[in-house]
Amino acid sequence: MRCAVQDGPKRVATGVGSERPNMARLFDYYLGGAHNFAVDRVLAEESIAKFPVAEMARTIRSFSRRVVRLCVEEYGIRQFLDLGSGIPTAGNVHEVAQSIDPSCRVVYVDHDPIAVAHARTMLRDNLDAAIVQSDVSDVGAVLRDPETRRLIDFTKPTAVLMVGILPYVVDEPAGVVARYRAALCEGSVLALTHLTKDVEPELVGQLVDLADGMSTPLVPRSKQDVEDFLCGLRLLEPGLVLAGHWRADGELPGASAAADASTYGAVGLV
């Protein structure tokens, strides 16, 4: 029996790094999740008071939801590999996909042991969703992991989601994207977002400073850089655009135009 897992206080992994703020839990808080501690909430509120970081997080989460719905409803995809997922909090991939078709299978990947511990607590009753603890740059390790092999058959169409993770890939991000793309069969989808200073350099600089302060370096990149990652894919309309504008059909504009202009997004067919 497949079970939908609901966020809530009972799903917080206790005793896991609760003495220091954690980037994954900060983003959980920004997205309205319950998988964070007081130390995270204090820093989150301090950063929210300085710049629209919560709106930036919601922009990419909204993009992810739209992509997942598109994959399930229009392309019949039932397998998802979510790279650099952090804590799969409010509006997560398995929640969206399985609400449309309960047979959807989701593998989350993150290297942060704190994010993984929270995720395993959340997903323990869901047989069709799991998390792999691995560096997303180690493509072979991710693809060979027993949980990946259990839930995903790469001979069938699969969606690989690289939403918010590529700025954390410092070395050869284009090569990382290409190796995941090479594992996909025809009919698969690769979706990505990327932080950029092209439009709002001061705002994005503040997020970079926040991440640096937590020893989590972020590398914003230009539109040309991101275009290089997409070589060989057939991009869906409207192509590579600001993520907040990508097929935002019927959605209300973001609360902050600046936040919406901080990230590019694109979706390509293999």
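Provided above is the structure to which this section pertains.
Caption draft 1: Up close: the overall build of the protein chain. Helix and strand counts for the protein chain stand at eleven helices and eight strands. Taken against the 2.2 N^0.38 rule, which gives 18 Å for 270 residues, the C-alpha radius of gyration of the protein chain at 17 Å falls within 12% of a compact globule. Expressed as lengths along the three principal axes of its C-alpha atoms, the size of the protein chain is roughly 45 × 40 × 40 Å. Considering the protein chain as a whole, with its 270 residues, one finds that 56% of them fall into the buried category. Here the contacts in the protein chain between residues at least 6 apart in sequence split such that 72% fall between residues at least 24 apart.

Caption draft 2: Spotlight on helix α5 (residues 113-123). Most of α5 sits inside the fold, with eight of its eleven residues counted as buried. Every buried residue of α5 is listed here: Ile-114, Ala-115, Val-116, His-118, Ala-119, Thr-121, Met-122 and Leu-123. Backbone nitrogen of Ile-114 and a side-chain oxygen of the N-cap are separated by 2.9 Å at the start of α5; the cap is Asp-112.

Caption draft 3: Examining the pattern of salt bridges more closely. In total, this model carries five salt bridges according to the counting rule given. A salt bridge links Glu-55 to Arg-58; its shortest N-O distance comes to 3.9 Å. You can see Glu-55 and its partner Arg-58 sitting in helix α3 (residues 53-75), three residues apart, about one turn around the helix. Looking at Glu-55, the relative accessible area reads 22%, which means it is partly exposed. Taking the relative accessible area as the measure of exposure, Arg-58 reaches 40% and is therefore partly exposed.

The rules behind these values
- Residues numbered from 1 in each chain as written.
- Predicted model: local features only at pLDDT ≥ 70, side-chain atom pairs only at ≥ 80, totals over all residues.
- Heavy atoms only, no water.
- Helix = DSSP H or I, 4+ residues; strand = E, 2+ residues; numbered from the N terminus.
- Rg over C-alpha atoms; globule rule 2.2 N^0.38 Å.
- Buried < 20%, exposed > 50% of the residue type's maximum accessible area, 1.4 Å probe, protein only.
- Contact = heavy atoms within 4.5 Å.
- Polar contact = N/O pair within 3.5 Å; in protein donor to acceptor, adjacent residues only side chain to side chain.
- Salt bridge = Lys/Arg side-chain N within 4 Å of Asp/Glu carboxyl O.

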